[in-house]
Amino acid sequence: MKEKINKAFNERFSGAGTLYVAPGRFNLIGEHTDYNGGFVFPGAIDKLMMAEIRPNGTDKVRAYSFDLDDYAEFGLNEADAPTQSWARYIFGVCREVLKRGGKVEGFDTAFAGNVPLGAGLSSSAALESCFANAINDIFNDNSIDKFELARIGQSTEHNYCGVNCGIMDQFASVFGKKDHLMRLDCRSMEFEYFPFKPEGYKLVLVDSVVKHELADSPYNKRRASCERVAKRLGIETLRDATMEMLDAIKTDITAEDYFRAKFVIEEKERVLAVCDALVAGDYDTVGRCMYETHHGLSKDYEVSCEELDYLNDIAKECGVTGSRIMGGGFGGCTVNLVKDELYEPFIATVKEKFKARYGHEPKIYPVVVSDGARIYENQ
Ligand code: GAF
């Protein structure tokens, strides 16, 4: 990837800039809890966005996307928003830095990535974190703190890309640490690193290759449901709700809102249970919670799809310890916790069965928990 970016940068802009990388993320448990003030438990993965960047002495950004073979040029004022959706991520990051009083000047950039698009692995957060971190380094002497970098990415989604996402993806991409998961309290923003090297198990993502676009998906509607219920309960977020409170207003809200909130209330407890189980080496509990999350996401939160439910069924049949849909939903991957000795047979079976039903194999990505956004130093 480095070589092709260097070459593309040199051909377009001549010479060389500085290389920055930022990863996608996976999440062990804690889905749709971030925008409800709950807990999440993600880690950064070894799939990255990489950008070569150099100030160009103008007030314009000139950007080349290697993967899309597309070029965009835009100014830094609000009225200069580019039309291409990929370029709006970069523009949005620049604007959000400026809105916070940070400095951004014109730059040239060529970038590429190997985070699969639409797989629920947060390629967009990786792109945002990569540019936020680079702009912080190049123009701001790294004076913007890391939480603010994550918020810059999140605000980019809200204000320039139409997705009212929570903070999990950008947080994971910025704060990721090799071999560690992070339990983040999305209300207080306190977090803790948990060493993660499960003995005798592998974690693997199985990608249905069903594409999801959160902006077109009902993601924002799920968030709106949760906010409605919280408002009805007179609390800021569902973090403070219990099943008793929810049951007490059951007849005042729609059945749909009830089930959305039920999932969130149950899910926030599961994150804590999984963290404790992980520390105790109790992988059966981790796995059971993962299956419960899948069930809730499929039946109550309704963000699964036929292909993902099928992947979950196959995992169960193969004796996989834990399996669930991961990320925002509406396509993408399942995350699976598999005993070493079951790994190969599971992968063979899931490929065969899925292909027999849908005509193509799912893609397999072993999870390698990696570092967060950084300058690229020939690792
Ligand atoms: C998407 C969002 F971007 C995250 O903020 C989070 O809500 C996730 O879906 C679901 O847990 O990745």
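Here the structure is a predicted model, which means the values were calculated and not measured. The residue numbers shown here count from 1 along each chain, following its written sequence. Local features in a predicted model are, by the rule used here, given only for residues with pLDDT of at least 70; side-chain atom pairs are given and counted only at 80 or more, and totals for whole chains, interfaces and linings are based on all residues.

Engineer: Honestly, the overall build of the protein chain in this entry has me stumped. Any pointers?
Structural biologist: Numbered from the N terminus, helices here are DSSP runs of H or I no shorter than four residues, and strands are runs of E no shorter than two. Tallying secondary structure elements over the protein chain gives 11 helices and 13 strands in all. Our radius of gyration looks at C-alpha atoms and nothing else; its globule reference is 2.2 Å times the residue count to the power 0.38. Here the C-alpha radius of gyration of the protein chain, 21 Å, is about what a compact globule of 379 residues would show, namely 21 Å. Sequence separation of 24 or more characterises 72% of the internal contacts of the protein chain that already satisfy a separation of 6 or more. C-beta atoms are first placed from the backbone for all residues, and any pair lying within 7 Å is then listed as a contact.

Engineer: Can you walk me through the site of the ligand in this structure?
Structural biologist: Close to the ligand lie Glu31, His32, Asp34, Tyr35, Ser122, Cys165, Gly166, Met168, Asp169, Gly327 and Gly328. Residue composition of the shell around the ligand, by class: 3 nonpolar, 5 polar and 3 charged. Should the C-beta atom of a residue, placed from the backbone, lie within 6 Å of a molecule or strand, that residue is near it. Three categories are distinguished: nonpolar for Ala, Val, Leu, Ile, Met, Phe, Trp, Tyr, Cys and Pro, charged for Asp, Glu, Lys and Arg, and polar for the others, with Gly belonging to the last.

Engineer: Can you help me understand the packing of helix α8 (residues 255-279) against helix α9 (residues 283-300) in this one?
Structural biologist: A pair of packed helices is characterised by two quantities: the angle between their axes and the separation of those axes. Throughout, an axis means a line fitted to C-alpha atoms (over the contacting stretch in the case of helices), and angles, computed between N-to-C directions, take values from 0 to 180 degrees. In contact at an axis separation of 9 Å, α8 and α9 are set at 165° when each is read in the N-to-C sense. Classified by the interaxial angle, the pair formed by α8 and α9 is roughly antiparallel. As α8 runs across α9, the sense of the crossing is left-handed. The residues of α9 that touch α8, namely those facing Phe259, Arg260, Lys262, Phe263, Glu266, Glu267, Arg270, Ala273, Val274, Ala277 and Leu278, are Thr285, Val286, Cys289, Glu292, Thr293, Gly296, Leu297 and Asp300. Of the residues contributing to the contact of α8 with α9, the split by class is 9 nonpolar, 3 polar and 7 charged. Should an angle lie under 35 degrees it is considered roughly parallel, over 145 roughly antiparallel, and from 65 to 115 roughly perpendicular; all remaining angles are considered oblique. Handedness of each helix crossing follows the sense of rotation of the near helix against the far helix: counterclockwise by less than a right angle gives left-handed, clockwise gives right-handed.

Engineer: Help me understand the environment of Gly319, please; the structure alone is not making it clear to me.
Structural biologist: Within the element layout of this structure, Gly319 appears in the loop between α10 (306-317) and β10 (322-325). Residue Gly319 is classed as exposed on the basis of its C-beta count, with 12 C-beta atoms lying within 10 Å. Here the C-beta atoms are placed from the backbone, and a residue counts as buried if at least 20 other C-beta atoms lie within 10 Å of its own, exposed if 12 or fewer do, and partly exposed otherwise.

Engineer: Please explain the sheet that holds strand β3 (residues 42-55) as it appears in this structure.
Structural biologist: Sheet strands pair via backbone hydrogen bonds, and the direction of the pair is either parallel or antiparallel. Within the open sheet, the 6 strands sit side by side as β5-β4-β6-β3-β1-β13. Their pairing is mixed. One side of each edge strand has no neighbouring strand; the edge strands of this open sheet are β5 (70-75) and β13 (374-375). Criterion used throughout: strands pair if DSSP finds at least two bridges between them. Sheet analysis places strand β1 (residues 18-27) next to β13, joined by 2 bridges and oriented antiparallel. Counterpart to Tyr20 in the pairing with β13 is Ile375. The strands touched by helix α5 (residues 168-175) are β1 and β3; relative to β1, the strand with the most contacts, the crossing angle is about 130°.

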